[in-house]
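# Working through the structure, step by step
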Amino acid sequence: MSSLKEKTITVVGSGLIGRSWAMVFLSGGYKVKIYDNKAGQASAAISEIKKQLVELQQARMLRGNLSAAEQLSLLSSHDDLQQALEGAYFVQECVFEDLEAKQTVFQEVENLVTENVILSSSTSCLMPSNVFCRVKNQTRCIISHPVNPPYYVRLVELVPHPKTHETVMDVAYSLMTDVGQAPVRLRKEIDGFALNRVQYAIIAESWRLVQFEGYPTIDFQLGVHLGPLRESQFWKVEQLGKDGVISVKDIDLVMSEGLGMRYAFLGPIETMHLNAPEGIEDYLQRYSEGIKRVLTTFGPVPEFSGEAAARITKEISELIPGDQEHLTGRRERRDQMLMGLAKLKK
């Protein structure tokens, strides 16, 4: 990662993600202009960024080759969009997750920049074809979806609009690599992108195991799974009581002390490759039938509401109360752990 760059990046939106992106780009030596349409918000964001960079420097976790003071000298705040966009070659939108708001932002931005400026959105789940539908030149549009918090978790999903030029993907990939992120390219747009599709699958099965609704009955004498409940079937789903298969505390431990330990360093495909003596072909020979059998027992998509949601909320709140003091403390702990993990992975 080199020190100073001549290029300027504009961050539109000064909330948590906007501030995080600004810090990431600053760490790579880029000039960063941060804009917010609410007067005073962008300047307040600079104060927060300064506080965080100083703390990171003191903890010896500051990213890049520049000191906190040197990085801050590259940052400016703006309440005027046109002024914020002057000289920018890359625009990273970070407004709240609302389709209409993002469409309006990009429509306004396109009218104020030249044709070669790349327009990038931080959306976590909105499709590029929808986000950029009001942009006339969609060849320069891309989703750069970070993982929260982006400063500590370096993955960035690059998702193209159907008309995005490959050179735009290349520039975005190069930028993200240069500032120390870990970009992945999606070849085409898909609802939820890659990260959230995997994450939602984990969330859904964890929820089902805790609430235990919509699961198959099992004939324990025959050892036969009768299959998931369908509206056309008239037998009842036999539930294992209202407490479900596993508690909230223990399902989180399944991830944090089990899968998460290796997934911090290995992906699921490499895990398969390493978990059989002769690699992935051997793994598939040994385990594919069992995987398919278990997958057929997965229940329907949870509603994430009602009695089950109330019970799960109660359980997690008993472990971590939902007031700001406790939540802030746990978030700070999370960030400290992620900082340590990032250092370990270098």
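Right above here is the structure, for reference.
Definitions and limits used
- Residues numbered from 1 in each chain as written.
- Predicted model: local features only at pLDDT ≥ 70, side-chain atom pairs only at ≥ 80, totals over all residues.
- Heavy atoms only, no water.
- Helix = DSSP H or I, 4+ residues; strand = E, 2+ residues; numbered from the N terminus.
- Buried < 20%, exposed > 50% of the residue type's maximum accessible area, 1.4 Å probe, protein only.
- Contact = heavy atoms within 4.5 Å.
- Areas by Shrake-Rupley, 256 points an atom, 1.4 Å probe, with all protein chains shown as cover.
- Pairing = 2+ DSSP bridges.
- Axes fitted to C-alpha atoms, helices over the stretch in contact; angles between N-to-C directions.
- Core = buried A, V, L, I, M, F, W, Y, C linked by side-chain atoms within 4.5 Å.
- Expected span 1.5 Å × (residues − 1).
- Phe/Tyr/Trp six-rings, centres within 6.5 Å; stacked < 30°, edge-to-face > 60°.
- Lys NZ or Arg CZ within 6 Å of the ring centre and 35° of its normal.

Looking only at helices and strands, one finds 13 helices and ten strands in the chain. Looking at the chain residue by residue over its 346 residues, the buried ones come to 41%. Of the contacts made within the chain by residues no fewer than 6 positions apart, 67% connect residues no fewer than 24 positions apart. As displayed, the chain has an accessible area near 19,500 Å², and 55% of this comes from carbon and sulfur atoms.

Moving on: the sheet that holds strand β6 (residues 141-146). Here we have eight strands laid out as an open sheet, ordered β3-β2-β1-β4-β5-β6-β7-β8, and mixed in their pairing. The sheet terminates laterally at β3 (75-78) and β8 (182-185), the two strands that pair on one side only. When the angles between neighbouring strand axes are averaged without regard to direction, this sheet yields 25°. The pairing of strand β4 (residues 88-93) with strand β5 (residues 118-121) spans four bridges and is parallel. In the strand pairing of β5, Gln92 is matched with Ser120.

To continue, consider the nonpolar core. With 40 residues, the main nonpolar core has Phe25, Ile49, Leu53, Leu56 and Leu175 as its most contacted residues. Apart from residues no more than four positions distant in its own chain, Phe25 is found in contact with Ile9, Val11, Tyr30, Val32, Gln92, Leu175, Met176 and Val179. Core analysis: the next-biggest nonpolar cluster, separate from the first, contains 21 residues, Val117, Leu119, Val135 and Cys141 among them.

Under the 1.5 Å per step criterion, the end-to-end length of helix α8 (residues 195-211) is 24 Å for 17 residues, consistent within 8% with the ideal 24 Å. Within α8, the full set of buried residues consists of Asn196, Ala204, Glu205, Trp207, Arg208, Val210 and Gln211. Tucked into the core, α8 has its buried residues touching β6, α9 (248-263) and α12 (306-319).

Time to look at the packing of aromatic side chains. The final tally for this structure, using the stated rule, is seven aromatic pairs. With a centroid separation of 6.1 Å and an interplanar angle of 50°, the aromatic rings of Tyr89 and Phe90 are classed as tilted. Per residue, the accessibility class of Tyr89 equals that of Phe90, and both read buried. Three or more aromatic residues link up through ring pairs in this structure, and these residues are Trp21, Phe25, Tyr89 and Phe90. Cation over ring: Arg63 sits above Tyr151, and NZ or CZ is 5.2 Å from the ring centre. If you follow Arg185 out to its NZ or CZ, it ends over the ring of Tyr173, 4.5 Å from the centre.

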